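# A structural walkthrough
These are the residues of each chain, in order.
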Amino acid sequence: MDIYPMPFFNKLLVSDIEKSEKWYQQTLGFTSLFKFRNDQQQVLMNHLRLNKYQDIMLIKGDNFTVGNSLYLNLLVDNIETLAKQISPNIIINELREQPWNALEMTIQDPDGYLITLTQPHLAQKEFDKLIAKTKKHY
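In what follows, the accompanying structure is described. Each chain carries its own residue numbering, running from 1 in the direction its sequence is written. Given that this is a predicted model, residues contribute local features only at a pLDDT of at least 70 and side-chain atom pairs are listed and counted only at 80 or more, while totals for whole chains, interfaces and linings are drawn from all residues. Remark: hydrogens and water are excluded; side-chain values derive from all non-hydrogen atoms of the structure.

## Topic: the overall build of the protein
The helix and strand labels rest on DSSP assignments: H or I over at least four residues marks a helix, E over at least two residues marks a strand, and numbering proceeds from the N terminus. Helix and strand counts for the protein stand at three helices and eight strands. Helices and strands in the protein line up, N terminus first, as β-α-β-β-β-β-α-β-β-β-α. Dimensions along the principal axes, computed over C-alpha positions, put the protein at roughly 60 × 35 × 25 Å. Per-residue accessibility, obtained with a 1.4 Å probe over protein chains only, is compared with the maximum for each type, and a residue is labelled buried under 20%, exposed over 50%, and partly exposed between these values. Per-residue burial for the protein yields a buried fraction of 37% across its 138 residues. Only heavy atoms matter for contacts: two residues are in contact if any of them lie within 4.5 Å across the pair. Taking the intrachain contacts of the protein between residues at least 6 apart in sequence as the baseline, contacts between residues at least 24 apart amount to 52%. Here the accessible surface of atoms and residues is derived via Shrake-Rupley with a 1.4 Å probe, and residues count as covered only by protein chains that are part of the display. Surface exposure of the protein reaches about 9,400 Å², of which carbon and sulfur atoms provide 51%. If you average the places of the 15 positive and of the 16 negative side-chain charges in the protein, the two averages end up 7 Å apart. His is not counted, nor are the chain ends; Lys and Arg add positive charge and Asp and Glu add negative charge. For charged residues, the charge sits on one atom: NZ in Lys, CZ in Arg, CG in Asp, CD in Glu.

## Structural notes on the pattern of salt bridges
Take a side-chain nitrogen of Lys or Arg and a carboxyl oxygen of Asp or Glu: if they are within 4 Å of each other, that pair is a salt bridge. With the rule as written, the count across this model stands at four salt bridges. Ionic pairing is found between aspartate 2 and lysine 52, a salt bridge with its closest N-O pair at 3.9 Å. With a gap of 50 residues between them, aspartate 2 in the segment before strand 1 (10-14) and lysine 52 in the loop between strand 3 (43-49) and strand 4 (55-60) connect regions that are remote in the sequence. For aspartate 2, a relative accessible area of 43% corresponds to the partly exposed category. In this structure, lysine 35 and glutamate 21 form a salt bridge, with 3.3 Å as the shortest nitrogen-oxygen distance. In this pair, lysine 35 is assigned in strand 2 (residues 31-37) and glutamate 21 in helix 1 (residues 17-28), connecting sequence segments 14 residues apart. Of the residues examined, glutamate 21 reaches a relative accessible area of 12% and is grouped as buried.

## Notes on helix 1
Here helix 1 is twelve residues long and its end C-alpha atoms lie 16 Å apart, about the 16 Å a rise of 1.5 Å per residue gives. Among the residues of helix 1, Ile17, Ser20, Glu21, Trp23, Tyr24, Thr27 and Leu28 are the ones counted as buried. Relative to the axis of helix 1, the buried residues are bounded by an arc of 165 degrees and lie together on one face. Turned more than 90 degrees away from the buried face of helix 1 sit Glu18 and Gln26, all of them exposed. Phi turns positive, to about 90 degrees, at glycine 29, one or two residues after helix 1. Given a helix with a known number of residues, its expected span is that number minus one, times 1.5 Å. Picture the helix axis, draw a direction to every C-beta atom, and the arc is the one those directions span.

## As for unusual backbone geometry
Here tyrosine 53, not a glycine, exhibits a phi torsion of approximately 65 degrees, which is positive. In this structure, tyrosine 53 sits in the loop between strand 3 and strand 4. Since its relative accessible area comes to 47%, tyrosine 53 is described here as partly exposed. For asparagine 101, which is not glycine, the phi torsion reads 60 degrees and is therefore positive. With respect to the helices and strands, the residue asparagine 101 is situated in the loop between strand 6 (91-98) and strand 7 (102-108).

Pasting the structure below:
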């Protein structure tokens, strides 16, 4: 396990921390790095990671509201495989090509958080060419 200062990460209040941990592990492949427990050994915080700098903290909460104006964006390298495996019940936006060089789909976690899965459509070399060409016109 690589430990490093995280320049940015998300804390998510969740109603059932064990259910959320299982969902993030089974649906997206996250791994639990550390669980902070109280003196009764109840998990209050669970640090999950998918890849380097793709960390979230699940925080046990009882009274919170999830809005629809914030999306977590997660870079993946197997979006078509994930799209086939993810339950249609949690898909908010189907997999589709976006004009900003990405294949994307949006799903919803058990507490209602919106997560957009993103995979670059073009290889980096081709994307660099596209950007260079576009810069000439704008």
